[in-house]
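Fold and geometry: a report
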Amino acid sequence: MTHTEIEITAELVRELLRDQHPDLADHPLRLGARGWDNQLWRLGDDLAVRLPWATQIADGLLRKEYAWLPALAPYLPLRVPVPQRLGEPSGRFPRPWIVTTWVPGTPADHAPATRAAEAADALAGFLTALHRPAPDTAPAGGHGRGRPLAGRAEHFGKLLASATGLGLISDPDAVRSVWEDALAAPDWAGPALWLHGDLHPANVVTADGTFCGVIDFGDLCSGDPACDLAAAWVLLPDGAADRFHDAYEPAPDAATLRPARGWAVLLALSGILIGDAGIHGRPGGKPTWGPPGHAALRRLLETAR
């Protein structure tokens, strides 16, 4: 993570609004969250301001959301942060920023889904609606998202070695077996579909035990849906994956689900490592990511057995 040298404060955000969107400048303003790429400031009851702060790629991710998400949002059955305004770089803040709609709820790393059937149906409905053929001009995914899993083999090896070395994985051979089966699956032969690209627990929000919204579309891209279908093991309660697969359309076959399990392994290992870093105060750590990561890996290994 590379934090911006400019401290982002409520006063700075209000000054930016006064300069470029003065009709919004007097709305109540408070810090919502400091995410991996952006800070989120809640603006009144219905809006939020997102400003890049921790990575150099955040600028492009925000511009991507502003360009593409408004056209996709009307088709999606869960609430998403629809961009409303674009803030251009200026002398006050040398990076772009956006104003979006606010998505109420609690991130799933803090409040996991507990109503299995309702959550499975909500996630399946969302991904069925999103996974439509994308135009040729759709953005490509970062970190290999939407592409063959083989491109992530080196990354998998590093994650597994790190987690094993820290004593966080009890059976690395079993984890490697799930990964190798996923890697041996045939490549996606269907059309390039729209993908969220980053469905980990902090990017899905819950209310009353089920999913009510999906946030952070910075990795929006097109390609193989396997990286999104991994969410069945990463986000849902125990025993809900089969209901998700039955509800998702078209029903995924075994060839589609094998690479999805590989993507789920990557998400699980990442969550476990980020959670451990948070527990021990290491940079980039988030303690709440550990429990869902461990739960996802357990589900995957049980499925393999």
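Values in this document were obtained by computation on a predicted structure and should not be read as measured data.

**Remarks on the environment of Ala 58**
In this fold, Ala 58 is placed in helix α2 (residues 58-72). In the structure, Ala 58 is positioned 133 residues away from Pro 191 in sequence and 28 Å away in space, judged by C-alpha atoms. Excluding its chain neighbours within four sequence positions, the residues that come into contact with Ala 58 are Asp 37, Asn 38, Pro 52 and Arg 95.

**Things to note about the packing of aromatic side chains**
Evaluation of the coordinates by the stated rule reveals three aromatic pairs. Here the aromatic rings of Phe 156 and Trp 179 are separated by 4.5 Å at their centres, their planes lie at 5°, and the arrangement is stacked. With Phe 156 in helix α4 (residues 153-165) and Trp 179 in helix α5 (residues 172-183), this residue pair connects regions lying 23 residues apart in the sequence. Trp 179 matches Phe 156 in its accessibility class, with the two residues each being buried. One residue, Arg 132, lies across the ring of Tyr 75, its end atom 4.2 Å from the ring centre.

**Quick word on the nonpolar core**
Within the largest apolar cluster, 68 residues are counted, with the highest numbers of intra-cluster contacts made by Phe 126, Val 175, Phe 211, Leu 236, Phe 244 and Leu 269. Top contributing element to this core by residue count: helix α9 (residues 254-279), with 10 residues. Not counting residues within four places of it along the chain, the set of residues in contact with Val 175 comprises Phe 156, Leu 160, Ile 169, Val 265, Leu 269, Leu 297 and Leu 301. Leu 17, Leu 29, Trp 53 and Phe 93 belong to the second largest nonpolar core, which has 18 residues in total.

**Focus on the pattern of salt bridges**
For the structure on display, the rule yields 18 salt bridges. Between Asp 198 and Arg 145 there is a salt bridge, with its nearest N and O atoms 3.5 Å apart. Placement of Asp 198 in the loop between β7 (193-195) and β8 (204-207) and of Arg 145 in the loop between α3 (116-130) and α4 is noted, with a sequence separation of 53 residues between them. Members of the salt-bridge network, linked through shared partners, are Asp 238, Arg 298, Arg 299 and Glu 302.

Rules used in this analysis
Along each chain, the written sequence defines residue order, and numbers are assigned to residues from 1. Two thresholds apply to this predicted model, a pLDDT of at least 70 for residue-level local features and 80 or more for giving and counting side-chain atom pairs, whereas whole-chain, interface and lining totals are computed over all residues. Heavy atoms from the whole structure form the basis of all side-chain values; hydrogens and water molecules are not counted. In DSSP terms, a helix is any run of H or I states spanning at least four residues, a strand is any run of E spanning at least two, and both are numbered starting from the N terminus. Contacts: residue pairs with any heavy atoms within 4.5 Å of one another. Only the six-membered ring of Trp is used, alongside the rings of Phe and Tyr, when aromatic pairs are assigned; centres must lie within 6.5 Å, and planes under 30 degrees apart are stacked while those over 60 apart are edge-to-face, with the rest tilted. The cut-offs for exposure are 20% and 50% of the maximum accessible area for each residue type, with area from a 1.4 Å probe on protein chains only; residues under the lower value are buried, those over the upper are exposed, and the others partly exposed. By definition here, charges over rings are those cases where NZ of Lys or CZ of Arg is within 6 Å of the ring centre and within 35 degrees of the ring normal. Among the buried residues, those of types Ala, Val, Leu, Ile, Met, Phe, Trp, Tyr and Cys that are joined through side-chain atoms within 4.5 Å form a nonpolar core. Within this document, salt bridges are pairs made up of a side-chain nitrogen of Lys or Arg and a carboxyl oxygen of Asp or Glu, the two lying within 4 Å of each other.

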